[in-house]
Amino acid sequence: MGGFYDEVIASNGVYKFYSDGEWKETTSSRTVKILNPSTNEAVYQVQACTRDEVDTIFDAAKAAQPGWAKTPLWKRADYMHKVAALMKENAQPMANALVKEIAKPAKDALTEVIRSGDLISYTGEEGLRRLGEGKMLVSDSYPGQDRSKICLSQKVPLGVILCIPPFNYPVNLAVSKIAPALMAGNTVVLKPPTQGAASATMMCQAFHKAGLPKGVLNVATGKGSEIGDYLTTHPKVNCVSFTGGDTGISICKKGGMTPYQMELGGKDACIVCADADIDLAAKNIVKGGYSYSGQRCTAVKVVLAAEEIADELVAKVKKGVEGLSVGMPEDDAAITPVISESSANFIEGLVRDAEAKNATFVTPYKREKNLIWPTLIDNVTADMRIAWEEPFGPVMPIIRVKKIQDAIDHCNSNNLALQGCLFTKDINLAIRLSDAMSSGTIQVNAAPARGPDHFPFQGFRDSGIGSQGIQNSLEMMVKVKTTVLNLDQPSYTVG
Ligand SMILES: NC(=O)c1ccc[n+]([C@@H]2O[C@H](COP(=O)([O-])OP(=O)(O)OC[C@H]3O[C@@H](n4cnc5c(N)ncnc54)[C@H](O)[C@@H]3O)[C@@H](O)[C@H]2O)c1
């Protein structure tokens, strides 16, 4: 593997957890096995931290926070640039781990790591400028007041941020939380997803090697279902930044007065209007729907096609789907095994439901263990689960609509409302439709996408709380502290 990551791994091969600036082994001598989705065999093991160890981790984060908040902003930005450079220099072993533990195609795995380095650098730059800016208000803009009060507000850290990313981008969605949290003067406890824990843990070595002060970043590993509640309800947590599925909703329900940044599931709709460029729409549906086997929050998860062009669109999407390579992530296949057997079973449940309700299978459903061939399902109707639920797999439903309003109504009646996209050549129609679709982001003439990573990103309804994107995440990681100067007489009385 090379020297850079050596100290991350214990002599027995188990990945260590990270607390107070040191890589450590649990006293529980329990580990969590990470299965390779391609083989269903254990490929890595991480420490199963005990509750006492979790307490110690939070103690370290809490103790380090005031000192870190006093570290000048330019120095914090310097750390970010150092971390980004180290991550990029040592990207390949981390990318290899992504291939093994989450079956991400090899090229995409490397892209995830490089993109994460870029995100950290950009956050350093953006934080340097934005976090140094505050606001000055004078009192006489309010009725009845004279100018005897001057209000100065600045952005101050929240404290300790608990960061919980999902399996599908365990590196990128970890740094999208960690970098803004740290730039804003918070300290961090990271809880990686089980599958993705090896790569997320390796990622933290870049922070360690960059010389980040001890306790500023910490990593607690263990099963979300075992230590999750203990972490999210821990009294030392000042904000939970979470990305995942419905687990996020239950975290909010169980929690107290803690601020939440929640990025949850999506059922991103793709509306194809009668005047659309059908080749462009088909290309985007194939790429947007099936990349990483559909396991992306911003994957196209339902197509709403105008009846007039539906036959042509389905034929073109079918051609694209049939051209996708199916196989192993090491070979950079487009379609690779989905994350787990239970996920594959869930996807199959949606497929069987659509089959029983007479949907048309444009490409046949085929599965070998966790590997599911890309499936295109036409004539899906509102009584089918797949019309509403997120498969998180390479399975695409097409609903034919008589009127565009039917497509809008379908999107807006789903509780999931992350992104959406629409295809039309008419810019006026595009704006009207975008305004009518009640989802966080609408892409015009392209598939949904999270990046570039400085664009705002926000789920509506059950798809999230708070806004993401580098700029918005920086704002989510601070609170406003105000000092009011009370003058002995209004400030305009001299001169
Ligand atoms: N909105 C977005 O930006 C975005 C991005 C990527 C993925 N997602 C969503 O994530 C889901 C897929 O990811 P997943 O399967 O890893 O999601 P998940 O909700 O199962 O798990 C997410 C994280 O929560 C942890 N966890 C599990 N139980 C917990 C508990 N009780 N307390 C605290 N943490 C706990 C997991 O270990 C993991 O780290 C999909 O629904 C997808 O749409 C959303």
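Given the structure is predicted, the values throughout are model-derived calculations rather than measurements.

### Brief notes about helix H7 (residues 224–232)
No. 1: All of the buried residues along H7 are Ile227, Gly228, Leu231 and Thr232. Seen along its axis, H7 keeps its buried residues to an arc of 130 degrees; they face one direction.
No. 2: Elements that come into contact with the buried residues of H7 comprise helix H1 (51–70), strand S7 (160–164), strand S10 (239–243) and helix H8 (247–254).

### A look at the UniProt feature "domain: Aldehyde dehydrogenase" (unreviewed entry) in the protein
No. 1: UniProt annotation of "domain: Aldehyde dehydrogenase" (unreviewed entry) refers to residues 23–482 when read in the numbering used here.
No. 2: When the span residues 23–482 is considered, its composition is 41% helix and 21% strand, and the gap between its end C-alpha atoms is 39 Å.

### Side note on the domain arrangement of the protein
No. 1: When its domains are assigned, the protein resolves into domain 1 (3–264 + 463–480) and domain 2 (269–444).
No. 2: Contacts between domain 1 and domain 2 engage 18 residues on the former and 20 residues on the latter.
No. 3: Between domain 1 and domain 2, roughly 1700 Å² of surface is buried when both sides are summed, and carbon and sulfur atoms account for 56% of that area.
No. 4: Looking only at domain 1, the three residues that lose the most surface to domain 2 are Pro105, Phe167 and Ser463, adding up to 30% of its buried area.

### Digging into the packing of H1 against H7
No. 1: For the pair H1 and H7, the least separation of the axes is 11 Å and the interaxial angle reads 40 degrees. Here H1 is positioned oblique relative to H7, judged by the angle of their axes. At the point where H1 passes H7, the crossing takes the right-handed sense. The segment H1 lies against H7, with Arg51, Val54, Asp55 and Phe58 engaging Glu226, Tyr230 and Leu231.
No. 2: Of the residues contributing to the contact of H1 with H7, the split by class is four nonpolar, no polar and three charged.

### Notes on the pattern of salt bridges
Two side chains that carry opposite charge are able to pair once their charged atoms sit near each other.
No. 1: One pass over the structure, following the stated rule, counts 27 salt bridges.
No. 2: Glu475 serves as the salt-bridge partner of Lys155, at 3.5 Å between the closest nitrogen and oxygen. Highlighted residues: Lys155 in strand S6 (residues 149–157) and Glu475 in helix H14 (residues 470–476), separated in sequence by 320 residues.
No. 3: For Lys316, the salt bridge is made with Glu312, and the minimal N-O distance between the two is 3.0 Å. With a gap of four residues between them, Lys316 and Glu312 both fall in helix H10 (residues 307–322), about one helical turn apart.
No. 4: Overall, the relative accessible area of 28% leaves Lys316 in the partly exposed class.
No. 5: Since its relative accessible area comes to 38%, Glu312 is described here as partly exposed.
No. 6: Look at the salt bridges and you will find they share partners, linking Glu126, Arg130, Lys155 and Glu475 into a network.

So, how was this worked out
Residues numbered from 1 in each chain as written. Predicted model: local features only at pLDDT ≥ 70, side-chain atom pairs only at ≥ 80, totals over all residues. Heavy atoms only, no water. Buried < 20%, exposed > 50% of the residue type's maximum accessible area, 1.4 Å probe, protein only. Helix = DSSP H or I, 4+ residues; strand = E, 2+ residues; numbered from the N terminus. Arc of directions from axis to C-beta. Contact = heavy atoms within 4.5 Å. UniProt positions renumbered as here; feature names shortened; annotations may be inferred. Domains from an automatic or database assignment. Buried area = accessible area lost by both parts, 1.4 Å probe. Axes fitted to C-alpha atoms, helices over the stretch in contact; angles between N-to-C directions. Parallel < 35°, antiparallel > 145°, perpendicular 65-115°, else oblique. Left-handed = near helix turned anticlockwise from the far one by under 90°. Nonpolar A, V, L, I, M, F, W, Y, C, P; charged D, E, K, R; others polar. Salt bridge = Lys/Arg side-chain N within 4 Å of Asp/Glu carboxyl O.

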